Amino acid sequence: MHAYVVNFGGVGNGIMTMPVFQYLIANNIYDTIFCSENRIITNDTLTQLAHVHNRLIAVNSSWRRFDKNDWDEINSFLHANTISHIYNFRNENLELYEEFKKQYPEYDYLDLNFEVLQNRKTQQPVYVDIFNLFRKYHFDNSEKACEWLAPFRTADQRAFTIGFMVSASQQNKELPMHTWISLGKELLAKYPLLQILIFSGINDHELSFAETIVHEIQDARCTFVGKLDMIRTVEKMGTLSCFVSNDTGLLHACGALGLHAVGLYISTDSEVWKPN
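Residues numbered from 1 in each chain as written. Predicted model: local features only at pLDDT ≥ 70, side-chain atom pairs only at ≥ 80, totals over all residues. Heavy atoms only, no water.

*Asks:* Can you walk me through the layout of surface pockets in this structure?
*Replies:* Space left empty within the atom packing is revealed by a probe, the size of a water molecule, rolled over the atoms. Within this model, the largest pocket holds a volume of roughly 850 Å³. What lines the largest pocket is a set of 34 residues, and nearest its centre among them are Val 11, Gly 12, Ser 169, Thr 248 and Gly 249. Of all elements in the fold, only α1 (11-26), α10 (230-237) and α11 (249-257) reach the threshold of two or more residues within the lining of the largest pocket. Top contributing element to the lining of the largest pocket by residue count: α1, with four residues. Residues of the lining of the largest pocket, tallied by class, amount to 13 nonpolar, 15 polar and six charged. In this structure, the second largest pocket spans a volume of roughly 180 Å³. As for the second largest pocket, its lining consists of Glu 143, Cys 146, Glu 147, Leu 251, Cys 254, Gly 255, Gly 258, Leu 259, His 260, Ala 261, Pro 275 and Asn 276. (1 Å grid on protein atoms, 1.4 Å probe; cavity = no way out; pocket = protein on both sides within 12 Å on 5 of 7 lines; lining within 4 Å. Points joined across faces, edges and corners; volume = space filled by probe spheres on them. Helix = DSSP H or I, 4+ residues; strand = E, 2+ residues; numbered from the N terminus. Nonpolar A, V, L, I, M, F, W, Y, C, P; charged D, E, K, R; others polar.)

*Asks:* In this structure, what is going on with the sheet that holds strand β8 (residues 222-224)? I would like to understand it.
*Replies:* Across a sheet, strands are paired by hydrogen bonds formed along the backbone, either parallel or antiparallel in direction. In spatial order, the strands read β8-β7-β6-β9-β10; together these five strands make up an open sheet with parallel pairing. The open sheet has two edge strands with one neighbour each: β8 and β10 (261-264). Ignoring strand direction, the axes of neighbouring strands in this sheet form an average angle of 20 degrees. Two strands pair when backbone bridges link them, and strand β6 (residues 161-165) and strand β9 (residues 242-246) are joined in this way by four bridges, in the parallel orientation. Within β9, the position partnered with Met 165 by the bridge is Ser 245. The sheet contacts of helix α8 (residues 177-190) involve β6, β7 (195-199), β8, β9 and β10, and relative to β6 the element is tilted by about 175 degrees. (Pairing = 2+ DSSP bridges. Axes fitted to C-alpha atoms, helices over the stretch in contact; angles between N-to-C directions. Contact = heavy atoms within 4.5 Å.)

*Asks:* Can you walk me through α8 in this structure?
*Replies:* In an α-helix, one turn spans 3.6 residues, which is why side chains three or four residues apart end up on the same side. Between the first and last C-alpha of α8 there are 20 Å, a value that for 14 residues agrees with the 20 Å anticipated at 1.5 Å per step. Among the residues of α8, Trp 180, Ile 181, Gly 184 and Leu 188 are the ones counted as buried. For α8, the angular spread of the buried residues around the axis is 100 degrees, confining them to a single face. For α8, the exposed residues lying more than 90 degrees away from the buried face are His 178, Glu 186, Ala 189 and Lys 190. (Expected span 1.5 Å × (residues − 1). Buried < 20%, exposed > 50% of the residue type's maximum accessible area, 1.4 Å probe, protein only. Arc of directions from axis to C-beta.)

*Asks:* Before we go on, may I ask you to explain the side chain of His 2 in this structure?
*Replies:* With respect to the helices and strands, the residue His 2 is situated in strand β1 (residues 2-6). Engagement of the side chain of His 2 in a polar contact is seen with the backbone nitrogen of Thr 32, the distance being 3.4 Å. Here His 2 is in contact with Tyr 30, Asp 31, Thr 32, Phe 34, Asn 81, Thr 82, Ile 83, Ser 84 and His 85, once residues within four sequence places are set aside. (Polar contact = N/O pair within 3.5 Å; in protein donor to acceptor, adjacent residues only side chain to side chain.)

Here it is as structure tokens:
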């Protein structure tokens, strides 16, 4: 049996949903899971670590919009791969998706509805809603089961190193530069043995932003990790005692690493988007 998962393209969702894919594949609930492309499931090192290599397959990320021009291609793909279940973790275009479901009723659809989730009176993290979709399969959502990046944890318990993730996917999610500088100076003044590693995104603005913070803090104990790929980023995070971050996918990496984290939610709801 095979499934198709419509997911966000971000790092956080790739990390957050990997334990689900691990469980479904390890227990042979699905032979193969096809999922919207993101940087986690297209990384061979990470899929091998999760024991889902060649059974968790990335597909065209643009299909998640369910544009009518793609319907024939999507349906042909679903039939060709004998896919029975479609899970939708996002609703980029809910109206078109609902039309697609009516046009092709032969599939079993299991969906999150963000219009409902984000407007309910009592909020809970979105990962709980995703995990609940798989409750009938007795999915193990324990803390230990979800720490699938734990092999990267190499922190020396005698050391005291924290990371600052100073970038975000949108500028309205970013803590101002002067706040990072003040926080860094205050912590370094208070804790003589502290080391701070500054993390950032990979575009020129983000790299320059991080370099400026390090320059303004003016302390040899505060260094910039530089431009890193996903594996090197997780390896560096695995050496830390704690991670302080804007609302980014790397907060979900902390949950998967078993790393203490402080999430800074400037313009988003922490009750919805906080990590496991």
